[in-house]
Amino acid sequence: MDHSSRGGAGAPPVFARSEMSADRVATSGIPDYLEETYHWAYLSKLGRLLLDRSLVVSSILWGNAGRLIRATTDELRPGERVLQPACVYGSFSRQLASAVGSEGCLDIIDVAPIQVEHCQRKLKDFPQAQVHLANAATWGDYDYDTVCCFFLLHEVPEDYKHRIVNNLLGALSQGGKAVFVDYHRPHRLHPLKGVMRAVFGSLEPYAQSLWKHEISSYAENAGDFSWSKRTYFGGLYQKVIAQRG
Ligand SMILES: C[S@@+](CC[C@H](N)C(=O)[O-])C[C@H]1O[C@@H](n2cnc3c(N)ncnc32)[C@H](O)[C@@H]1O
């Protein structure tokens, strides 16, 4: 399948690894919040080297990575057309690619060229997966059976949360579903509540709004979807499903 020819008008191109020059890496349209808050984690080679390990991802999620990834892949069927709007460290993308199988199609987008290049390398054995340099708030392709938005929303400011949620919902086919896995307000007696508040206060300034706002509240046409939510690990994490029609 030629993925580079798909997409609506204005859909960003797929970048072959050879096209990703050092200049591109230095000058692409990276949003301010990413540069200012997360440069160390996602835009530097050192951050990528240190963090792109399943053990690190699992530790950051207090041992829940496997469970939350399974909660996502459980929503997929072989042969589906799936969008992953942002690269994720560890084995997440490979597990999505395995879940859709060789008859399926997985589009992964990320706004950071360094992540796109790295993810292309990680997925070279999965021809069903294509990695694109693009912004989840403006990606223009549609007709996806499932969109898997894994721990992206907590890293973006409020206006971006609105734009990303609405753009992803608009990318769904009739009957398609968006799966949002992210932070959620923990139980009031949760032993890690104070720790997480301190982590958000020092490192993740856009995360704690997910303790106050339902993900459905970011959708303009929330009524066009049926919503369900399940929480995990004392409420610290959530899986929200929005099914169209
Ligand atoms: C999905 S989030 C975090 C996931 C998880 N914490 C992990 O271990 O990777 C990180 C990725 O989101 C990307 N990103 C941030 N804002 C984006 C946007 N608006 N569109 C596409 N990708 C974005 C960053 O470049 C980064 O690669």
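Residues numbered from 1 in each chain as written. Predicted model: local features only at pLDDT ≥ 70, side-chain atom pairs only at ≥ 80, totals over all residues. Heavy atoms only, no water.

**Q** Please clarify how the packing of aromatic side chains should be interpreted in this entry.
**A** Aromatic ring pairs: the centre-centre distance and the angle between the two ring planes describe each pair. Summed over all chains, the structure comprises 13 aromatic pairs. Aromatic pair Y33 and Y160: ring centres 5.0 Å apart, planes at 65 degrees, arrangement edge-to-face. Here Y160 lies in helix α8 (residues 158-170) and Y33 lies in helix α2 (residues 32-43), a separation of 127 residues in the sequence. Y33 sits in the buried class, given a relative accessible area of 10%. Y160 gets classed as buried once you look at its relative accessible area, which sits at 13%. Taken together, the ring pairs in this structure connect F92, F150, F151, Y183, F200, W211, F233 and Y237 into an aromatic cluster. Seen from the ring of Y144, R81 lies directly overhead, with NZ or CZ sitting 4.2 Å from the centre. (Phe/Tyr/Trp six-rings, centres within 6.5 Å; stacked < 30°, edge-to-face > 60°. Helix = DSSP H or I, 4+ residues; strand = E, 2+ residues; numbered from the N terminus. Buried < 20%, exposed > 50% of the residue type's maximum accessible area, 1.4 Å probe, protein only. Lys NZ or Arg CZ within 6 Å of the ring centre and 35° of its normal.)

**Q** Before we go on, may I ask you to explain the environment of P205 in this structure?
**A** Note on placement: P205 falls in the loop between α9 (193-203) and α10 (209-212). Sequence separation between P205 and T37 is 168 residues; the distance between their C-alpha atoms is 8.2 Å. The residues contacting P205, other than those within four sequence positions of it, are T37 and F200. (Contact = heavy atoms within 4.5 Å.)

**Q** Sorry if this is basic, but what is going on with the site of the ligand here?
**A** Residues in contact with the ligand amount to 20 residues; listed here are only the nearest, Y33, Y89, D110, N135 and A136. Between the ligand and V111, the relevant distance is 3.4 Å, taken from a nitrogen atom to a main-chain nitrogen or oxygen of the residue. When isolated, the ligand has an accessible area of 590 Å², and the protein chains bury 95% of it. Broken down by secondary-structure element, the contributors of at least two residues to the shell around the ligand are α2 and α8. Sorting elements by how many residues they give to the shell around the ligand places α2 first, with 3 residues. Split by residue class, the shell around the ligand holds 16 nonpolar, 2 polar and 2 charged. (Near = heavy atom within 4 Å. Polar contact = N/O pair within 3.5 Å; in protein donor to acceptor, adjacent residues only side chain to side chain. Areas by Shrake-Rupley, 256 points an atom, 1.4 Å probe, with all protein chains shown as cover. Nonpolar A, V, L, I, M, F, W, Y, C, P; charged D, E, K, R; others polar.)

**Q** So what exactly am I meant to see when it comes to unusual backbone geometry here?
**A** Across residues other than glycine, the phi torsion is negative in most instances, and most of the peptide bonds are trans. Despite not being glycine, W62 has its phi angle at roughly 50 degrees, a positive value. The backbone phi angle of F233 is positive, close to 55 degrees, even though this residue is not glycine. One can find F233 in the loop between β6 (225-232) and β7 (237-244). Taking the relative accessible area as the measure of exposure, F233 reaches 28% and is therefore partly exposed.

**Q** It is not clear to me how the sheet that holds strand β2 (residues 105-110) should be interpreted in this structure. Could you clarify?
**A** Strands belonging to one sheet form pairs held by backbone hydrogen bonds; the direction of such a pair is parallel or antiparallel. On the basis of which strands lie adjacent, the open sheet formed by 7 strands has the order β3-β2-β1-β4-β5-β7-β6 and mixed pairing. The open sheet has two edge strands, β3 (129-133) and β6, and neither has a second partner. Sheet twist, expressed as the mean angle between neighbouring strand axes with direction ignored, is 15 degrees. Judged from the 2 bridges that link them, strand β1 (residues 81-85) and strand β4 (residues 144-150) form a sheet pairing that is parallel. By the bridge assignment, V82 is partnered in β4 with T146. (Pairing = 2+ DSSP bridges. Axes fitted to C-alpha atoms, helices over the stretch in contact; angles between N-to-C directions.)

**Q** What exactly am I supposed to notice about the confidence of the model for the protein here?
**A** As a general rule, the predicted coordinates of low-pLDDT regions are not to be interpreted in detail. When pLDDT is averaged along the protein, the result is 90, and 89% of the positions lie at 70 or above. Here residues 1-27 is modelled with pLDDT under 50, and outside its nearest four sequence neighbours on either side it reaches 42 contacts, counting other chains as well. (pLDDT = per-residue confidence, 0-100.)

**Q** How do you make sense of the pattern of salt bridges when you look at a structure like this?
**A** Opposite charge on two side chains lets them pair, provided their charged atoms get close. A complete count under the given rule lists 7 salt bridges for this structure. We note a salt bridge from D52 to K122, for which the minimum N-O separation is 3.1 Å. Highlighted residues: D52 in the loop between α3 (45-51) and α4 (54-60) and K122 in helix α7 (residues 113-122), separated in sequence by 70 residues. Taken individually, D52 and K122 each receive the classification buried, so the pair is uniform in this respect. Here D107 makes a salt bridge to R81, at a shortest N to O gap of 3.8 Å. (Salt bridge = Lys/Arg side-chain N within 4 Å of Asp/Glu carboxyl O.)

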